[in-house]
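These are the residues of each chain, in order.
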Amino acid sequence: MTKLPLKRRHVLPGFGLSMGLTLLYLSLIVLIPLSTLFFKTATQDWAHFVEAVTSPRVIASYRLSFMASIFGAAINAVFGLIAAWVLVRYSFPGKSLVDSLVDLPFALPTAVAGIALTALYAPNGWIGKWLAPYGIHVAFTPWGVLVALTFIGLPFVVRTLQPVLEEMDTDIEEAAASLGANRLQTFVRVFLPTLWPAWLTGFALAFARALGEYGSVVFISGNMPMKTEITPFLIITKLEQYDYAGATAIASVMLVASFFVLLAINMLQARSAGFRWAR
């Protein structure tokens, strides 16, 4: 008597129902709201659209937003790796407190973070007053924007790398050392191939979060046109002026640009992961 194979039981519904619910949820939460942005932008003619998204003030805000987001994510990629390494590989008094502080930018209202950073880095602030005599000004300059975007992006890198580091066996360090590898060679040839996909993911998440940040930047930047004005603040300004078409036009450009940047990072991540498994 031939036994029939047992049907695999899933806790969640089958693929058809689960996929349908997934697409419905994504459509209601992501696709439909974003599509209305493009529909609103399409209500204006091409000439007004080009004028709205290419004015010198808007171009300056693009430059500051993208450059500060990229550099902020890069800084977090370096120091986030160090923080994750310390939290995973070492035990020390107050470790739980330090681990909790990493998530503080998640829980802290962004406006509160902006006020706190401004109070610290203003010329008369606790940190700013020590920098001012050397001609270093952070608050109300592009450096202040960078500080704010770095602050809110740190948890994404740390929390992305921590699970990967926890799964890595410490014996591979000793094996690499026994084979004559120094610290740099061990990191580049042993750790980096494993960490690279998660590292890129943390960078992409920190970059995306920084690109859309508003609350923590609006205070410390000073919002000076052509100097410290970020694109999200410019969009809010246009909305307050009832220029809805201009606001949606700028938002559409930011959405498309950030999508292609994230797509490129994800493709690089997938390619590096495939190369690692091929090896």
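Since the model is a prediction, treat every value here as computed from it, not as a measurement.

## Comments concerning helix α2 (residues 46–53)
- Of all the positions in α2, only Phe-49, Ala-52 and Val-53 are classed as buried. Looking down the long axis of α2, one finds its buried residues gathered within 85 degrees of arc, a one-sided arrangement. Pointing more than 90 degrees away from the buried face of α2 are the exposed residues Ala-47 and Glu-51.

## Things to note about the packing of helix α3 (residues 56–89) against helix α12 (residues 231–240)
- Contact geometry for α3 and α12: axes closest at 8 Å, N-to-C directions at 145 degrees. Facing α3, whose interface residues are Arg-57, Val-58, Ser-61, Tyr-62 and Ser-65, α12 presents Thr-231, Pro-232, Leu-234 and Thr-237.
- Grouping the constituent residues of the contact of α3 with α12 by class yields four nonpolar, four polar and one charged.

## Let's talk about the nonpolar core
- Tyr-62, Leu-161, Leu-165, Met-168, Leu-195, Trp-199 and Ile-250 are the most contacted members of the largest nonpolar core, which has 38 residues in total.
- Of all elements in the fold, only α2, α3, α8 (142–167), α10 (183–211), α12 and α13 (244–278) reach the threshold of two or more residues within this core.
- Counting 15 residues, the second-largest nonpolar core is a separate cluster that includes Ala-139, Ala-148, Leu-149 and Val-218.

## Points about the pattern of salt bridges
- Per the stated rule, a full pass over the model turns up five salt bridges.
- Linking Arg-159 and Asp-103 is a salt bridge whose minimum nitrogen-to-oxygen distance equals 2.8 Å. Taken together, the positions of Arg-159 in helix α8 and Asp-103 in the loop between α4 (95–102) and α5 (104–107) put the pair 56 residues apart, joining distant regions of the chain.
- Of the charged contacts, one joins Lys-238 and Asp-243 as a salt bridge, the two residues approaching to 3.7 Å between their closest N and O atoms.

## Observations regarding the environment of Ser-258
- Following the sequence through the fold, Ser-258 ends up in helix α13.
- Sequence separation of Ser-258 and Phe-207 is 51 residues, and the distance between their C-alpha atoms is 9.1 Å.
- Filtering out sequence-adjacent residues up to four positions away, Ser-258 remains in contact with Phe-66 and Leu-211.
- Of note is the side chain of Ser-258, whose polar atom sits 3.0 Å from the backbone oxygen of Leu-255.

## Remarks on the side chain of Ser-65
- With respect to the helices and strands, the residue Ser-65 is situated in helix α3.
- Once residues within four sequence positions are removed from consideration, Ser-65 is found in contact with Leu-211, Ile-230, Thr-231 and Pro-232.

Calculation rules
Residues numbered from 1 in each chain as written. Predicted model: local features only at pLDDT ≥ 70, side-chain atom pairs only at ≥ 80, totals over all residues. Heavy atoms only, no water. Buried < 20%, exposed > 50% of the residue type's maximum accessible area, 1.4 Å probe, protein only. Helix = DSSP H or I, 4+ residues; strand = E, 2+ residues; numbered from the N terminus. Arc of directions from axis to C-beta. Axes fitted to C-alpha atoms, helices over the stretch in contact; angles between N-to-C directions. Contact = heavy atoms within 4.5 Å. Nonpolar A, V, L, I, M, F, W, Y, C, P; charged D, E, K, R; others polar. Core = buried A, V, L, I, M, F, W, Y, C linked by side-chain atoms within 4.5 Å. Salt bridge = Lys/Arg side-chain N within 4 Å of Asp/Glu carboxyl O. Polar contact = N/O pair within 3.5 Å; in protein donor to acceptor, adjacent residues only side chain to side chain.

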